[in-house]
Amino acid sequence: MHIPQAPVDGSRPMTVPIYQTSGFSFSDPAVMAEAMGSPTGPFVYSRYTNPTVRSLELAVSGLEGGAGAIATGSGMSAINTVLLGLLRPGDHLIAQRALYGGTSAMLSELAARFGISVTHVPGDDPAALRAARRPETRLVYLETISNPTALVADLPGMCAAARELGLLSVVDNTFATPMLCRPIEHGADVVVHSTTKYLSGHSDVVGGLAVIADAGLYERVWHFAIELGASADPFAAWLVVRGLQTLALRMERHCANAEYLATRLAAHPAVTAVHWPGLASHPSYELGRKLLPGFGGVFSFDLAGGRAAGERFMKAVRLAVLAPSLGGVETLVMHPATTSHRSLTAEELAANGIGEGTVRIAVGIEHPEDLWADVSQALA
Ligand SMILES: *Cc1c(COP(=O)(O)O)cnc(C)c1O
């Protein structure tokens, strides 16, 4: 909650100021030249970075334990900045099978157009990772907690295998946040975030960020990022900084509310399965208990009544909102079979662990009894 700030003579503002400027002026051309060549030099141009953006970068880099961070305009732009910055045509990457939809689409369409090939393996199977490695493999891509079935990646096992094979590991830590997991402590080289979600926490901004463990690698990716131009806007960065100050409190409540709902849903006769890692029936139960102090607010559950029941549930909730995204203070529900995953056949849905009656819930920070009252009346 104490956000690093550029110093001001004698005192400092209580909140991080919004530096709404595209550039900075100099009296010495040599200082200006230095500023243009380094991520840690004086501020020069807001595409490179900006004092408000830098506060965000320092804060999250500090939380994740990185050498530096690069704030971007969206989570997808952070992911693409890192992947395009580290890979070249002909390279191969190994990604975990359960991936965020946008990342999955990008890897199958955009990456292919740039001559980058992808093999998918389970996120908790270092032996499968070793078997998938080719001479041209460069990188392993993981997500700490997956969407919508909340599978937990074996970060220590997968990052150690990657390192052994000379591969870089990149981890999307959006669902866990540094409150629950710091992938660099488990051997990751790069951590990416959609700051749109828990880090900002109020459904009012789209943003992304990459944290890089090694100082040399950070400089390399920074140089590429300014060429790519995926920069964060100062006002958007300010909104994320503002949200970050309550991240610890919000995550505690998201985790507690999710546990409360998951436990009650598991005992409800209209529900056939609850995909929350804290339940012994979940495939990540053991790994999750070992790696994470909590599982965040996103999980899914299956309704006995199939597609029709899923659609009826969406229309019946009163407090929860039918909406995409996650990580805001309010609870959101979604029916993957008729919305985000509507183009998939029943077989394809099943292969992704999504049933016709699966409901995804992104639990907010409301009072738990208010939430259960809403969910149970919708189930009824
Ligand atoms: C939302 C999300 C993204 C993409 O972020 P945007 O800010 O929407 O571009 C990437 N990964 C995960 C896990 C996400 O939830």
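Anything mentioned here points back to the structure above.
This text gives an overview of the structure that appears in the document. Remember, it's a predicted structure, so these values are computed and weren't measured experimentally.

Rules behind the numbers
- Residues numbered from 1 in each chain as written.
- Predicted model: local features only at pLDDT ≥ 70, side-chain atom pairs only at ≥ 80, totals over all residues.
- Heavy atoms only, no water.
- Axes fitted to C-alpha atoms, helices over the stretch in contact; angles between N-to-C directions.
- Helix = DSSP H or I, 4+ residues; strand = E, 2+ residues; numbered from the N terminus.
- Left-handed = near helix turned anticlockwise from the far one by under 90°.
- Contact = heavy atoms within 4.5 Å.
- Nonpolar A, V, L, I, M, F, W, Y, C, P; charged D, E, K, R; others polar.
- Buried < 20%, exposed > 50% of the residue type's maximum accessible area, 1.4 Å probe, protein only.
- Phe/Tyr/Trp six-rings, centres within 6.5 Å; stacked < 30°, edge-to-face > 60°.
- Core = buried A, V, L, I, M, F, W, Y, C linked by side-chain atoms within 4.5 Å.
- Domains from an automatic or database assignment.
- Near = heavy atom within 4 Å.
- Polar contact = N/O pair within 3.5 Å; in protein donor to acceptor, adjacent residues only side chain to side chain.
- Areas by Shrake-Rupley, 256 points an atom, 1.4 Å probe, with all protein chains shown as cover.

Turning our eyes to something else, we now look at the packing of helix H3 (residues 75-86) against helix H4 (residues 101-108). Between H3 and H4, the shortest axis-to-axis distance is 10 Å and the interhelical angle comes to 35°. Crossing handedness for the pair H3 and H4: right-handed. Only Gly102, Thr103, Met106 and Leu107 of H4 make contact with H3, whose side of the interface consists of Met76, Ile79, Asn80 and Leu83. Per-class residue counts for the contact of H3 with H4 are five nonpolar, three polar and no charged.

Along the polypeptide, Ile145 turns up in the loop between strand E4 (137-143) and helix H7 (155-164). Residue Ile145 is classed as buried on the basis of its relative accessible area, which comes to 2%. Taking C-alpha positions, Ile145 is 15 Å from Glu259, a pair spaced 114 residues apart along the chain. Residue contacts for Ile145: discarding those within four places in its chain leaves Ala150, Leu151, Phe175, Ala176, Leu292 and Phe295.

As enumerated under the stated definition, the model contains seven aromatic pairs in all. Taken together, a centroid distance of 5.9 Å and an interplanar angle of 75° make the contact between Tyr45 and Tyr48 edge-to-face. Taken together, a centroid distance of 6.0 Å and an interplanar angle of 15° make the contact between Phe235 and Trp238 stacked. Of this pair, Phe235 and Trp238 both sit in helix H10 (residues 234-244), separated by three residues, roughly a single helical turn.

On to the nonpolar core, then. Counting residues in hydrophobic clusters, the biggest one holds 85 residues, and the most contacted among them are Leu56, Leu265, Val274, Phe299, Phe301 and Phe313. Both domains that furnish three or more residues to this core are identified here as domain 1 (29-244) and domain 2 (248-379). When neighbours within four sequence positions are excluded, Val274 is seen to be in contact with Ala262, Leu265, Ala266, Leu279, Ser281, Phe299, Ser300 and Phe301. Formed by 29 residues, the second largest nonpolar core is a distinct cluster that contains Leu87, Leu99, Ile116 and Tyr141.

Close contacts around the ligand come from 13 residues, with Met76, Asp172, Ser194, Thr196 and Lys197 the closest. At a separation of 2.9 Å, an oxygen atom of the ligand approaches a polar backbone atom of Gly75. At 2.8 Å from an oxygen atom of the ligand is found a side-chain nitrogen or oxygen belonging to Ser194. Relative to its free-state accessible area of 380 Å², the ligand is covered by the protein chains to the extent of 92%. Top element by residues in the shell around the ligand is H3. It accounts for three residues.

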